[in-house]
Amino acid sequence: MSKPGLMPVEDALDQLLAMANEQRLPDSEPVPLNEARGRVLASDLVATLDLPPWPNSAMDGYALNLADLHRQPLSVSQRVYAGLAPDALLPGTCARIFTGAPLPNGANCVEMQENTEVLEDGRVRFLQPLKVGQNIRAQGQENRVGDTLLRAGKRLGPFELAVAAGQGMTHLPVVRRPRVALLSTGDELVEPGQPLRPGSIYNSNRTLLDHWLRELGCEVIDAGILPDRPAQTRLKLEQLQVAADLILTTGGVSAGDADCLGQVLRDNGKPLLWKLAIKPGKPLTVGHFGTVPVIGLPGNPTSALVTFGLLARPYLLRIQGVEEVMPLSFTVNAGFDWAKPGSRREYLRVRLEGGQAALYPNQSSGVLLGATWADGLVEIPENSTLRMGDPLRFIPFSELF
Ligand SMILES: Nc1nc2c(c(=O)[nH]1)N[C@H]1C(S)=C(S)[C@@H](COP(=O)(O)OP(=O)(O)OC[C@H]3O[C@@H](n4cnc5c(N)ncnc54)[C@H](O)[C@@H]3O)O[C@H]1N2
Ligand code: MOO
């Protein structure tokens, strides 16, 4: 049970995905393969070629017909390199053949050269028992014409793009990039390159999220830094709603006097979520400004990181049509004791050491450096204590990109 008044993480995720299902991007565009990485396939990829297109040799060696084996040694009637179209196999002979080369008609077996002996007159003796089909890669063993190779909604990485290349494709239809307006809020923020004033800090969240959004296929509209002023906040959101599919903000969502992003959303917009049973990240605020969805991440860098990775990321993938939006996770053993149960589900930065999860020593949500040290997050359920060695859910950071 979460603390009363705080929304459990599952409920927040359900609400975000329900919102994403209403906001799926309908448009697609063809893009060259070398620009398609990280994009989402807009329609099924159907094979136009059998792969392999013809039976071929899996080994460097000799192609023969087993019916001829009783007359061995066999003379070599042709040499078949990859890229050549062979003649039919002359009865009573074998063909020198190389890996990937098409199998001559009439051959039904390939023997690797290591298991043969070449006599002085050039004939070949086969030294091991042989079987029909041995070392032959059948036509269509990977796929047949008309097979669906990739489904719409698949995120395209090197494997998927290589499959498309194997079909001779130069372009793929992908869902248009979500346009995300990225807005940092806080009077204290200064961009790197600018002089620091007393009381100011550099804006690190913008860099974190700008890169992460691009990894997730988004186009980023850099909306800059917004001071903690309600009127300016309202005006900025009004301007951004015209151009953006989503307004993503950091900071200004907790309960302080200067936390005006959340306040403006609650007063002017339609808040959907606020106050989650998650640590770090409790003040995550989700709503609409006009018709545009707004995800307001907390300003603390690790709160922004955790809530973006676990909640905003699934939203952004789902609006692009991705079904499987949850990161893979697995069970590891705690390399620490956890004596004090919390009312929020807690995500800790850990490194896997000797099969156990070791904690970064400072788990403050204001400390970003732990994320560069860690391999991922472990999840401590609400109201739980742990002993060293207890099982825990581990989410690798690599799953969050
Ligand atoms: N009275 C209460 N105070 C706070 C509560 C609460 O429930 N009651 N919640 C705390 C929690 S939990 C969090 S998390 C923070 C989140 O606050 P905000 O989202 O309003 O964020 P800010 O106050 O604007 O900033 C928090 C912290 O992060 C730094 N920051 C902000 N933006 C950036 C940026 N772009 N790059 C680097 N660092 C940034 C900022 O300077 C602050 O130090 O509220 C607690 N308070
Ligand atoms: O939940 Mo806040 O994100 O603890 O720091």
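For the structure, see preceding data.
So, here's what we can say about the structure. (Residues numbered from 1 in each chain as written. Chains lettered and ligands numbered in written order. Predicted model: local features only at pLDDT ≥ 70, side-chain atom pairs only at ≥ 80, totals over all residues. Heavy atoms only, no water.)

### Examining empty space enclosed by the protein
With a probe scaled to a water molecule rolled over the atoms, the places where space remains empty come into view. Considering all chains together, one arrives at one cavity of 30 Å³ or more under this definition. Taken as a whole, the largest cavity spans an internal volume of roughly 30 Å³. Taken together, Trp 338, Pro 341, Gly 342, Arg 344, Glu 346, Ile 380, Pro 381 and Ser 384 form the lining of the largest cavity. (1 Å grid on protein atoms, 1.4 Å probe; cavity = no way out; pocket = protein on both sides within 12 Å on 5 of 7 lines; lining within 4 Å. Points joined across faces, edges and corners; volume = space filled by probe spheres on them.)

### Focus: the sheet that holds strand E7 (residues 109–112)
Across the sheet, four strands lie side by side as E5-E6-E4-E7; this open sheet has mixed pairing. Among the strands making up the open sheet, the edge pair consists of strand E5 (75–80) and E7. The mean inter-strand angle of the sheet, taken between neighbouring strand axes irrespective of direction, is 30°. Here four bridges tie strand E4 (residues 61–64) to E7, and the two strands are oriented antiparallel to one another. Considered in E7, the bridge of Ala 63 is made with Val 110. (Pairing = 2+ DSSP bridges. Helix = DSSP H or I, 4+ residues; strand = E, 2+ residues; numbered from the N terminus. Axes fitted to C-alpha atoms, helices over the stretch in contact; angles between N-to-C directions.)

### What to know about helix H2 (residues 158–166)
When we look at burial in H2, the residues that qualify are Glu 160, Leu 161 and Ala 164. Angularly, the buried residues of H2 cover 95° about the axis, an arc narrow enough to put them on a single face. Check the buried side of H2 and you find it contacts strand E2 (45–46), strand E11 (148–150) and strand E12 (171–175). (Buried < 20%, exposed > 50% of the residue type's maximum accessible area, 1.4 Å probe, protein only. Arc of directions from axis to C-beta. Contact = heavy atoms within 4.5 Å.)

### Regarding the layout of surface pockets
Counted as a void, the largest pocket has a volume near 770 Å³. If you trace the largest pocket, you find 29 residues lining it, with Arg 155, Leu 156, Gly 157, Arg 313 and Phe 401 closest to the centre. Within the residue set of the lining of the largest pocket, elements represented by two or more residues are H2, helix H3 (205–215) and helix H6 (301–319). The residue makeup of the lining of the largest pocket, split by class, is eleven nonpolar, six polar and twelve charged. Taken as a whole, the second largest pocket encloses approximately 480 Å³ of empty space. Lining the second largest pocket are 34 residues, with Gly 251, Pro 298, Gly 299, Asn 300 and Pro 301 positioned closest to its centre. Elements that contribute at least two residues to the lining of the second largest pocket include exactly strand E15 (201–202), H6 and strand E23 (345–353). (Nonpolar A, V, L, I, M, F, W, Y, C, P; charged D, E, K, R; others polar.)

### Some remarks on unusual backbone geometry
Of the consecutive residues Leu 51 and Pro 52, the connecting peptide bond is found in the cis state with omega at -15°. Mapped onto the fold, Pro 52 is located in the loop between E2 and strand E3 (56–57). Omega for the peptide link from Lys 279 to Pro 280 comes to 0°, which places this bond in the cis form. Tracing the chain through its elements places Pro 280 in the loop between strand E19 (278–279) and strand E20 (285–289). Although it is not a glycine, Lys 275 sits at a positive phi angle of roughly 75°. Turning to its location among the elements, Lys 275 is positioned in the loop between strand E18 (270–274) and E19. Take Lys 275: its relative accessible area is 35%, and that puts it in the partly exposed class.

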